[in-house]
Amino acid sequence: MLIRRPPDLSTRDITDESLYLNRRAWLAAAGMVVSALPTSRLWAKTLSLGAPQDDKPTSYKDLTTYNNFYEFGTSKEQPAQNAGTLKTSPWTISVEGEVKKPAKYDFADLLKGLPTVGRTYRHRCVEGWSMVIPWNGIQLKDLVAKLEPTSNAKFIEFTTLMDEKQMPGQRSGVLPWPYVEGLRLDEAMHPLALIATGIYDKPLLNQNGAPLRLVTPWKYGFKGGKSIVRIRFLRTQPATTWNIQAPDEYGFYANVNPAVDHPRWSQARERRIGSLLKQATLPFNGYADQVASLYTGMDLRKNF
Amino acid sequence: MARPLAIVGGAVPGVLLVERFLRDDLGANPAEKLEHFTGTVALVTLLVCLTITPLRRLTHLNPLIRLRKPIGLWAFAYACMHFSCYLVFDQSLDLHEILHDIVKRPYITVGFSAFLILLSLALTSSTWSITKLGGRRWRGLHALIYLAGGLGVAHYLWSVKRDATVPDALGMILFVLLGLRFWRRPNVAQRQTNLSGS
Ligand code: HEM
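This one's a predicted model, so the numbers in the text were calculated from it and none came from an experiment.

Thresholds, definitions, all that
- Residues numbered from 1 in each chain as written.
- Chains lettered and ligands numbered in written order.
- Predicted model: local features only at pLDDT ≥ 70, side-chain atom pairs only at ≥ 80, totals over all residues.
- Heavy atoms only, no water.
- Helix = DSSP H or I, 4+ residues; strand = E, 2+ residues; numbered from the N terminus.
- Buried < 20%, exposed > 50% of the residue type's maximum accessible area, 1.4 Å probe, protein only.
- Contact = heavy atoms within 4.5 Å.
- Areas by Shrake-Rupley, 256 points an atom, 1.4 Å probe, with all protein chains shown as cover.
- Lys, Arg positive; Asp, Glu negative; His and termini not counted.
- Charge placed at Lys NZ, Arg CZ, Asp CG, Glu CD.
- Buried area = accessible area lost by both parts, 1.4 Å probe.
- Salt bridge = Lys/Arg side-chain N within 4 Å of Asp/Glu carboxyl O.
- Polar contact = N/O pair within 3.5 Å; in protein donor to acceptor, adjacent residues only side chain to side chain.
- Nonpolar A, V, L, I, M, F, W, Y, C, P; charged D, E, K, R; others polar.
- Near = heavy atom within 4 Å.
- Pairing = 2+ DSSP bridges.
- Phe/Tyr/Trp six-rings, centres within 6.5 Å; stacked < 30°, edge-to-face > 60°.
- Lys NZ or Arg CZ within 6 Å of the ring centre and 35° of its normal.
- Core = buried A, V, L, I, M, F, W, Y, C linked by side-chain atoms within 4.5 Å.
- Donors = N, O, S within 2.8 Å, 3.2 Å for Na, K, Ca; no water.
- Tetrahedral: all angles 85-135°; square planar, octahedral: opposite > 155°, others 65-115°.

Undergrad: Which residues make up the overall build of chain B, and what are the values?
TA: The number of helices and strands found in chain B is 10 helices and 0 strands. Listing each helix as α and each strand as β along chain B from the N terminus yields α-α-α-α-α-α-α-α-α-α. When its C-alpha atoms are laid out on the principal axes, chain B stretches across 65 × 40 × 35 Å. Relative to its full complement of 198 residues, chain B shows a buried share of 38%. Counting only contacts in chain B whose residues sit at least 6 apart along the sequence, the fraction spanning at least 24 positions is 64%. Approximately 11,400 Å² of chain B is accessible, and the part contributed by carbon and sulfur atoms is 70%. Across chain B, the mean location of the 21 positive side-chain charges is 23 Å away from that of the 11 negative side-chain charges.

Written out as structure tokens, the structure reads:
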């Protein structure tokens, strides 16, 4: 086929000088933008678009500015903005229920004598995003041993502070307050279960659940009760907040499970904070080897 | 004057968003921000588009009607950006997953239906389409914008975990706008009977 050649250029087609200079300025500006890109975090993100993320710890900034803590507001940014009203010292924790000696402990006394540990865990939110968090704290099993539950104790319950003045989000009715979470006692005794008191070797910030919070890395993040003021040992399974709120959407166990979708959205994949795309979610958030035996014989679809 | 303003003005939220993205100022989860922001702007723009007719009746400023098309097209444009965010960031363009999601997840089905309506309205937004379809049919088709708004609100409500303040508010606004539409009808009819009676 013949490609028609354009007619000779007319004078009109020759770019006049002012436009030409203008265009040069544009090109220079574009060049500046492009050369600025490699220095930004964005560029790194774009390059890592599809690759499954290695478990590099999430930046301290992201860990402390992107939080779900409805006691300070329902957006991700609000906890960091509003949590300044929380006073974490003095802090008293009431230990109740099936224990040898129910008592109130000062925060420091409660942890006294328990070995501190540093643990970098994946953290998977039920909403479909995840982080990698270098926690500091104590193993929950050490705390349980110190508190000496009776042989009747089968469950442990954690209650978050209830105080509208310190936690302005509690003025809204989005959830029934106070926030309550819980575990089966054998789950609580698992070596992965942590009471966290710090991140990146710094004391927990208020928006992360200061001064102490629960961390169970094989479960969705909402299991990790924050700013705990009461620990109760129980004979029967406690009623937990999200489970009360929407029993068909949030189970008591809430083990991370890519095969069991949330009724409204998929749990097969997750977006690692720091990345634009999503990657596969692992059974028990990648801790199946350690924790799957806790649930042998259980139907994980029913007990989601 | 107002029309060029609407044509250019519609780009402002998008330009600001891209500018913040390039400055890496969208927080820890920029993909989510882009998706939520474009979805919200699409829905709000759609509602703004629906205020034009009541506003015109109220103010008797007939040229206002010329804003409807650019604003409606911007609503569609933001819905396209929103859908693109979903296709790229949520689904990595995995066609199989996307189809599965659209069929299986009610809130996605509903959002997609709203998108299809906006698409068909955008495709028939030209004067040529009006003459081709005939005014009556065209108006009938474009009344579907209310349905798109309803589906958009349902989609939003369905997607939030707990705090439904914003989608509730947008739903109320849509309800009022729809009410205004019907509330005015008998008046028009009445005026006509009055006229014929006199
Ligand atoms: C094309 C089909 C569509 C798909 C696949 C889709 C997908 C999504 C997804 C995945 C989310 C995020 C949900 C979450 O993060 O929990 C979302 C949110 C949203 N979408 Fe859509 N959507 C579609 C169409 C639309 C349309 C047409 C509108 C507006 C008329 C719309 C308005 C919204 C709004 C307002 C939100 C909530 C934003 C927020 O939470 O701040 N979507 N959509």
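Let us keep going from here.
Undergrad: How would you sum up the interface of chain A and chain B? Please name residues and give values.
TA: Chain A puts 31 residues into the contact, and the matching count from chain B is 25 residues. Buried area between chain A and chain B, summed over both chains or domains, comes out near 2,500 Å², and the portion from carbon and sulfur atoms is 49%. Inspection of the region where chain A meets chain B yields 4 salt bridges. For A:Asp261, the salt bridge goes to B:Lys104, with nearest N and O atoms at 3.5 Å. Counting every contact that joins chain A to chain B gives 11 residue pairs in polar contact (both at pLDDT 80 or more). For the side of chain A that touches chain B, the secondary structure elements donating two or more residues are helix H2 (41-47), helix H8 (241-245) and strand S11 (269-272) of chain A. Here the side of chain A that touches chain B gets 3 residues from one element, more than from any other, and that element is H2(A). Of the residues belonging to the side of chain A that touches chain B, the class tally is 13 nonpolar, 7 polar and 11 charged.

Undergrad: Go over the site of the ligand, please, and point to the residues and values.
TA: All names here are of chain B. The full set close to the ligand counts 19 residues, and Glu35, His36, His82, Phe83 and His155 are the nearest of them. A distance of 2.7 Å separates a nitrogen atom of the ligand from a polar side-chain atom of His82. Counting residues per element, the ones that place at least two in the shell around the ligand are helix H3 (30-59), helix H4 (68-90), helix H6 (106-123) and helix H9 (144-159). The residue inventory of the shell around the ligand, partitioned by class, reads 10 nonpolar, 7 polar and 2 charged.

Undergrad: Give me the side chain of A:Asn136: which residues, what numbers.
TA: Residue and element names in this part refer to chain A. Tracing the backbone through its elements, the reader meets Asn136 in strand S4 (residues 129-139). Its relative accessible area of 16% is what places Asn136 among the buried residues. Polar contacts involving the side chain of Asn136 include one to the side chain of Asp201, which spans 2.8 Å. Each residue touching Asn136, except ones within four places of it in the same chain, is listed here: Val117, Gly118, Ile195, Ala196, Thr197, Gly198, Ile199, Tyr200, Asp201 and Lys202.

Undergrad: Please set out the pairing of strand S5 (residues 155-160) of chain A residue by residue, giving values where relevant.
TA: All names here are of chain A. With 6 of 6 residues buried, S5 is to be regarded as a mostly interior element. Here S5 runs beside strand S6 (residues 180-184); their pairing, made up of 5 bridges, is antiparallel. Its bridge partner being in S6, Thr159 is matched across the sheet by Val180. Bridge count between S5 and strand S10 (residues 228-234): 6 bridges; the pairing is antiparallel. Bridge assignment links Phe155 to a residue of S10, and that residue is Leu234.

Undergrad: Give a description of the environment of A:Phe69 that names residues and reports values.
TA: All names here are of chain A. As for its placement among the helices and strands, Phe69 is situated in the loop between helix H3 (60-65) and helix H4 (78-82). Overall, Phe69 belongs to the buried group, its relative accessible area being 3%. For the pair Phe69 and Gly225, spaced 156 residues apart in sequence, the C-alpha to C-alpha distance is 9.6 Å. Dropping the residues within four chain positions of it, Phe69 is found in contact with Pro79, Met167, Asn206, Gln207, Gly209, Lys226 and Ser227.

Undergrad: Which residues make up the packing of aromatic side chains, and what values go with them?
TA: For any pair of aromatic rings, the description consists of the separation of the ring centres together with the inter-plane angle of the planes. Tallied over the entire structure, the rule returns 17 aromatic pairs over all chains. Each ring, one from A:Phe222 and one from A:Tyr250, has its centre 5.6 Å from the other, and the planes form 80°; the classification is edge-to-face. Here A:Tyr250 lies in the loop between H8 and S11 and A:Phe222 lies in the loop between strand S9 (213-215) and S10, a separation of 28 residues in the sequence. A residue is classified by how much of its surface remains accessible, and A:Phe222, at 9% relative accessible area, is buried. Note on B:Phe83 and B:Phe115: the rings are 4.9 Å apart at their centroids and 50° apart in plane angle, and the pair reads as tilted. A residue pair is termed long-range when its members are at least 10 positions apart, and B:Phe83 in helix H4 and B:Phe115 in helix H6 qualify at 32 residues. Note on B:Phe115: relative accessible area 13%, which makes it buried. Counting every residue linked through ring pairs, the aromatic cluster contains A:Phe155, A:Phe252, A:Tyr253, A:Phe284 and A:Tyr295. Over the ring of A:Tyr287 we find A:Arg122, and its NZ or CZ is 4.6 Å from the ring centre. Its guanidinium or amino end placed over the ring of A:Tyr60, A:Lys202 lies 4.7 Å from that ring's centre, counting from NZ or CZ.

Undergrad: Account for the nonpolar core, with residues named and values stated.
TA: By size, the foremost hydrophobic cluster in this structure holds 79 residues, and its most contacted members are A:Leu140 and A:Phe233. The residues touching A:Leu140, leaving out its near neighbours within four places in the chain, are A:Phe158, A:Leu183, A:Ala188, A:Ala193, A:Leu194, A:Ile195 and A:Leu214. Counting 34 residues, the second-largest nonpolar core is a separate cluster that includes B:Leu47, B:Ile52, B:Ala114 and B:Ile145.

Undergrad: Just give me the short version of the coordination of the iron atom of the ligand, but keep the residues and values in it.
TA: All names here are of chain B. Protein coordination of the iron atom of the ligand is provided by His82 (NE2) and His155 (NE2), with donor distances spanning 1.9 to 2.0 Å. Taken together, the 6 donor atoms surrounding the iron atom of the ligand define angles of 85 to 179° at the centre, an arrangement classified as octahedral. Of this pair, His82 sits in helix H4 while His155 sits in helix H9, and the two are 73 residues apart along the sequence.

Undergrad: Which residues make up the environment of A:Ser94, and what are the values?
TA: Residue and element names in this part refer to chain A. As for its position among the elements, Ser94 is in strand S1 (residues 92-97). Under the relative-accessibility criterion, Ser94 is labelled buried at 10%. Residues Ser94 and Ala145, spaced 51 residues apart in sequence, show a C-alpha to C-alpha distance of 16 Å. Beyond its immediate chain neighbours, meaning those up to four positions away, Ser94 contacts Ala103, Lys104, Val229, Arg230 and Ile231. Among the polar contacts listed, one links the side chain of Ser94 to the side chain of Glu96, at a separation of 2.6 Å.

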